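Analysis of the macromolecular model
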Amino acid sequence: MADEKANRTAAVDSDSDRLDALNRFRSAASINMTPELFEKLYLAPQSTVKGQLRDTFGNPTPIALVGFLMALTPLSCNLMGWRGASGNGAATIPVYFFQGGILMTLGGLLEWILGNSFPALVFCSFGTFWLSYGGVLNPSFAAFSSYAGPNDAAAEGLQTTGFNASLGFWFLFMGLLCIVFLICSLRTNVVFFIIFLTLTITFGLLTGAFWSLAEDFAGNAHYANKLLVGAGASAFVTCLAGWYILLAISLAIVDFPIQIPVGDLSNVIKGKPIRERS
């Protein structure tokens, strides 16, 4: 009888320990993350959304960042001509489709599902940019061959001029889009701001390079090549900032004992509701 009573007591104590552990887990899970941590993890000011999707699903932000960096980093090295690279990134066309395009678009859609509108806008915009850039370089899309005419030198010159001038307009308005993102990033963090600042410069230099190639003047090819190298250098700075913020987010996700700052700007430029209350 004494042994049976002791066994029942031990079982009750064990169940009690399990319940205590479960309650502690539930209490920890119900704690909301700070706005600073949220903005580091999702690259956006914290917003109120219905449901508990953010607690149910993982963080898609690093997925999109990986796609962005794996597409842009080799392209920036290519534009600078490192180790004899050339072709404006044509050697890595599949990367633009399967890493840059798919990962960023998928990450953007998942951010939208979680209610993170700004990252969703940024990631989907650049995801489709990489898909489009891969299409421009891929002969199957006939982006360049559509300008083909008679096989003579004059027609070939018009073909090149029309293609380069048209492509320059695309880069111009990608730069304008980056300016919009640059202004909005003033509510996020310093690293995100640097990314859009350098991207704006990159697209401006790309626009100048292709418009220079479209003009039939002596020395323009040399000048355009300098602009392409400058665009690659600016994009490389973008990548350095991107790798840094990817590391910062990854460390925060796994609760690494060492955390690196990203320069929170949410308290520098306060949101409209906070300003109205003050």
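Residues numbered from 1 in each chain as written. Predicted model: local features only at pLDDT ≥ 70, side-chain atom pairs only at ≥ 80, totals over all residues. Heavy atoms only, no water.

This is how it is decided: UniProt positions are given in the numbering used here, feature names are shortened, and annotations may be inferred rather than shown by experiment.
Taking an unreviewed UniProt entry as the reference, the chain is identified by name as GPR1/FUN34/YaaH-class plasma membrane protein belonging to Trichoderma cornu-damae. Listed in UniProt under the heading Sequence similarities (unreviewed entry), the comment for the chain reads: "Belongs to the acetate uptake transporter (AceTr) (TC 2.A.96) family." UniProt annotates the chain under Subcellular location (unreviewed entry) with the comment "Membrane".

**Side note on the overall build of the chain**
Rules: The helix and strand labels rest on DSSP assignments: H or I over at least four residues marks a helix, E over at least two residues marks a strand, and numbering proceeds from the N terminus. The criterion used for residue contact is that any of the two residues' heavy atoms lie within 4.5 Å. Computed with a 1.4 Å probe, the accessible areas rest on the Shrake-Rupley method; for each residue, only the protein chains presented here act as cover.
Assigned secondary structure in the chain consists of 10 helices and zero strands. Put simply, 70% of the contacts in the chain that link residues at least 6 apart link residues at least 24 apart. On the chain, roughly 15600 Å² of surface is accessible, and the fraction owed to carbon and sulfur atoms is 67%.

**Some points on the environment of leucine 79**
One can find leucine 79 in helix H4 (residues 61-79). Sequence-wise, leucine 79 and glycine 89 are 10 residues apart; in three dimensions their C-alpha atoms are separated by 7.4 Å. Residue contacts for leucine 79: discarding those within four places in its chain leaves Asn88, Leu206, Leu228, Val229, Ala231 and Gly232.

**A closer look at helix H9 (residues 220-253)**
One full turn of an α-helix is made of 3.6 residues, so residues set three or four places apart face in the same direction. The test is simple: Multiply 1.5 Å by the residue count of a helix minus one, and that product is the helix's expected span.
In this model, H9 (34 residues) spans 48 Å end to end at C-alpha, consistent with the 50 Å of a helix rising 1.5 Å per residue. Among the residues trailing H9, aspartate 255 stands out with phi positive, at a value near 55 degrees.

**Quick look at the environment of threonine 160**
Condition: Each residue gets one of three labels from its accessible area relative to the maximum for its type: buried under 20%, exposed over 50%, partly exposed in between, using a 1.4 Å probe on protein chains only.
If you trace the backbone, threonine 160 turns up in helix H7 (residues 153-184). Since its relative accessible area comes to 29%, threonine 160 is described here as partly exposed. Residues threonine 160 and glutamate 215, 55 residues apart in the sequence, show an inter-C-alpha distance of 9.6 Å.

**Some thoughts on the packing of aromatic side chains**
Between two aromatic rings, the relevant description is the distance of the centres plus the angle of the planes. Test applied: Only the six-membered ring of Trp is used, alongside the rings of Phe and Tyr, when aromatic pairs are assigned; centres must lie within 6.5 Å, and planes under 30 degrees apart are stacked while those over 60 apart are edge-to-face, with the rest tilted.
Evaluated as defined, the whole model comprises 22 aromatic pairs. When the centroid spacing of 5.8 Å and the interplanar angle of 80 degrees are considered together, the rings of phenylalanine 68 and phenylalanine 126 count as edge-to-face. Here phenylalanine 126 lies in helix H6 (residues 117-137) and phenylalanine 68 lies in helix H4, a separation of 58 residues in the sequence. Looking at phenylalanine 68, the relative accessible area reads 7%, which means it is buried. Judged by centre distance (5.5 Å) and plane angle (10 degrees), the rings of tyrosine 96 and tryptophan 130 are stacked. On the criterion of sequence distance, the pair formed by tyrosine 96 in helix H5 (residues 93-113) and tryptophan 130 in helix H6 is long-range, its members being 34 residues apart. Exposure remark for tyrosine 96: the relative accessible area of 0% places this residue in the buried category.

**Describing unusual backbone geometry**
You will see that arginine 83, though not glycine, has its phi angle at about 55 degrees, which is positive. Structurally, arginine 83 can be placed in the loop between H4 and H5. Residues other than glycine seldom take positive phi values, yet aspartate 255 does so here, at roughly 55 degrees. Note that aspartate 255 resides in the loop between H9 and helix H10 (272-277).

**As for empty space enclosed by the protein**
Here is the rule: Put simply, the grid is 1 Å and covers the protein atoms alone, a cavity is a trapped set of points that fit a 1.4 Å probe, a pocket is an open set with protein on both sides within 12 Å along at least five of seven lines, and lining residues have an atom within 4 Å of a point. Grid points are joined across faces, edges and corners, and a volume is the space filled by probe spheres set on the points. Polar here means any residue outside two lists: the nonpolar Ala, Val, Leu, Ile, Met, Phe, Trp, Tyr, Cys and Pro, and the charged Asp, Glu, Lys and Arg; Gly therefore counts as polar.
On inspection of all chains with the given rule, the structure shows two cavities of 30 Å³ or more. Roughly 160 Å³ of internal volume is contained in the largest cavity. Residue assignment for the lining of the largest cavity shows that the elements contributing at least two residues are H4, H6, helix H8 (190-214) and H9. With five residues, H8 is the single largest residue contributor to the lining of the largest cavity. Looking at the lining of the largest cavity, its residues break down into 15 nonpolar, two polar and no charged. By volume, the second largest cavity is sized at about 80 Å³. Lining of the second largest cavity is provided by Leu65, Phe68, Met104, Val122, Phe123, Phe126, Phe192, Ile195, Phe196 and Leu199. Among the secondary structure elements, those contributing two or more residues to the lining of the second largest cavity are H4, H6 and H8. In terms of residue count, the dominant contributor to the lining of the second largest cavity is H8 (four residues).

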